[in-house]
Amino acid sequence: MRRLIVLVLLLALGAGAVALLAMRDPGQAALSWGDWQVQTTLAALLGIAIVVMLLVGLTLRLLNLLVRAPELLRQRKARRQQERALRDLAQGAISLVEGDWRDAEQLFKRHGEDPQGGLVWLLGMALAAHRQGASARRDDALRLAEKRHPEAGRALRLLTAELLIDENRLEGALSHLQALHAEAPRQVHVLRLLTELHRRRGEWESVLQRLPELTRLRALPEEQLLDLEEDAVEGRLDQLSEDGADAVNAFWNDLRRSLKGRERLIAAHARALAAAGNAQAACDLLLKTLRERGSQAAASALAGLDPNQPKTALETVEALLARHGEGSSIAPQLHLFAARMAWKLDLWGKARSHAEASLAAQPSAEAHALLARVLEREGHTEQALEHALAGLKLQTIL
């Protein structure tokens, strides 16, 4: 189109130049062919030549367009299809995010079933089907994607494993991840998924073994790594409680010092000792911690213990209450523990006052239940029933 415009301009300039010359001297021109002869001015002859050139140029242009018409139509159709595909891709992504998974799958399927369809459409089909719980359609889409795009086979197997984990089909995911890990032992996302799989299976020892490598490769944010480590240590302590207090303590002693200072893990250590049959050691550990700091985790763990030396425990907790004050965050748990120790020592009045103080600070099903037992023992049956019902109501809510 630009060339045609330039040609027209040049011809117009030429015609203008000829016109200027003709105004000064039109000249004469004669054309003869056999008996045929034409006489005219030079300006007219040049004008005719210009018109003929224009007609020839336009004719050639039209012929060129006619020859190229099929290709131009194909290009136009391809542009329209591409524009439609981009619109469908955008709408499919929006539907996927908004939870309209059926609509999203239909949009992706419209292009994904085309033998020339790209990988992105098949991935969209798989994700939309997965969100609907349609495992068969998801697996079909992923298999078709791997068949058409073998170069993306590793990424597709990784996605399959991730979706299987999300579906809690851990055995199937494990086989994929083990094969992928054997191929590339340092691939970060494979390590992340393997660790998540171990976490879901409760394989805390395996999680702990993978943590140093995850830390070295910075596979997870630091805060998330710390939370995962605490989960793994707590889970492993719980598992080792079945093997006895010695196994629990042996594992604890092997932990680095910074872990041993975390309040959540101290509480987990105490619970594991109690589950292993050594509630007194658990109580001593938690009371020692509470003497050093007002740990909410330690106080909560202490409230459920049943040590062998209730009198000493009661005296220690009452001293802690006097030190920290009634307004402290750990007072409700300390009062509850004191009430349980007083109940065990048959000190009904003290058990009642501590249980009431615990309820005043923070209502709990445990405090209501204990106060109900104390009131029943003292003969206050109606009040005991009220607290028993209040405890049951709190349990139901929780």
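Turning next to the packing of aromatic side chains. All chains considered together, the criterion is met by two aromatic pairs. Look at Phe108 and Trp121: their rings are 6.1 Å apart centre to centre, the planes differ by 55°, and that puts the pair in the tilted class. Of the two residues, Phe108 sits in helix 3 (residues 101–112) while Trp121 sits in helix 4 (residues 119–131), which places them 13 residues apart along the sequence. Trp121 carries the same exposure label as Phe108, and that label is buried.

Moving on to the packing of helix 9 (residues 204–216) against helix 10 (residues 222–240). Two elements in contact, helix 9 and helix 10, have axes whose closest approach is 9 Å; the angle formed by their N-to-C orientations is 155°. Our classification of the angle between helix 9 and helix 10 gives roughly antiparallel. Here helix 9 runs over helix 10; the crossing is left-handed. Two secondary-structure elements touch here, helix 9 through Trp204, Glu205, Val207, Leu208, Leu211, Leu214 and Thr215 and helix 10 through Leu225, Leu228, Glu229, Asp231, Ala232, Val233, Gly235, Arg236 and Gln239.

Here we come to helix 8 (residues 188–200). Turn by turn, an α-helix covers 3.6 residues, leaving residues three or four places apart pointing in a common direction. The end-to-end C-alpha distance of helix 8, which contains 13 residues, comes to 19 Å, matching closely the 18 Å that a straight helix rising 1.5 Å per residue would cover. Burial in helix 8 covers these residues: Val190, Leu191, Leu193, Leu194, Thr195, Leu197 and His198. Structurally, helix 8 contributes buried residues whose contacts are with helix 6 (153–166), helix 7 (170–183), helix 9 and helix 10.

Once that is clear, we can look at the side chain of Arg138. Mapping Arg138 onto the fold places it in helix 5 (residues 135–148). Taking relative accessible area as the criterion, Arg138 reaches 1% and is therefore assigned buried. Those residues in contact with Arg138 that lie beyond four places of it in its chain are Ala126, Ala129, His130, Leu163, Leu164, Glu167 and Arg169.

A side chain of one charge can pair with a side chain of the opposite charge when the charged atoms of the two come close. Evaluated as defined, the whole model comprises 26 salt bridges. Between Arg137 and Glu105 there is a salt bridge, with the nearest N and O atoms lying 2.8 Å from each other. Of this pair, Arg137 sits in helix 5 while Glu105 sits in helix 3, and the two are 32 residues apart along the sequence. With a relative accessible area of 40%, Arg137 lands in the partly exposed category. In this structure Glu105 comes out as buried when scored by relative accessible area, which is 6%. The shortest N-O distance in the salt bridge between Asp140 and Arg143 comes to 2.5 Å. Separated by three residues within a single helix, Asp140 and Arg143 lie in helix 5, roughly one turn from each other. Judged by relative accessible area, which is 44%, Asp140 ranks as partly exposed. Among the residues examined, Arg143 registers a relative accessible area of 53% and is labelled exposed.

This paragraph deals with the nonpolar core. One broad trend across soluble globular proteins is that nonpolar side chains are buried collectively. Counting residues in hydrophobic clusters, the biggest one holds 51 residues, and the most contacted among them are Leu237, Leu286, Leu290, Leu302, Val317, Leu334 and Phe337. If one sorts the elements of this core by residue count, helix 17 (residues 331–344) sits on top with nine residues. Once you skip the residues sitting within four places of it in the chain, Leu286 turns out to touch Ile266, Ala267, Ala270, Ala298, Ala301, Leu302 and Leu305. Residues Ala85, Ala104, Phe108 and Ala128 belong to the second largest nonpolar core, which totals 15 residues.

What follows covers unusual backbone geometry. One non-glycine residue, Arg218, adopts positive backbone phi at about 55°. Among the secondary structure elements, Arg218 is positioned in the loop between helix 9 and helix 10. Assessed through its relative accessible area of 76%, Arg218 is described here as exposed.

About the thresholds
- Residues numbered from 1 in each chain as written.
- Predicted model: local features only at pLDDT ≥ 70, side-chain atom pairs only at ≥ 80, totals over all residues.
- Heavy atoms only, no water.
- Phe/Tyr/Trp six-rings, centres within 6.5 Å; stacked < 30°, edge-to-face > 60°.
- Helix = DSSP H or I, 4+ residues; strand = E, 2+ residues; numbered from the N terminus.
- Buried < 20%, exposed > 50% of the residue type's maximum accessible area, 1.4 Å probe, protein only.
- Axes fitted to C-alpha atoms, helices over the stretch in contact; angles between N-to-C directions.
- Parallel < 35°, antiparallel > 145°, perpendicular 65-115°, else oblique.
- Left-handed = near helix turned anticlockwise from the far one by under 90°.
- Contact = heavy atoms within 4.5 Å.
- Expected span 1.5 Å × (residues − 1).
- Salt bridge = Lys/Arg side-chain N within 4 Å of Asp/Glu carboxyl O.
- Core = buried A, V, L, I, M, F, W, Y, C linked by side-chain atoms within 4.5 Å.

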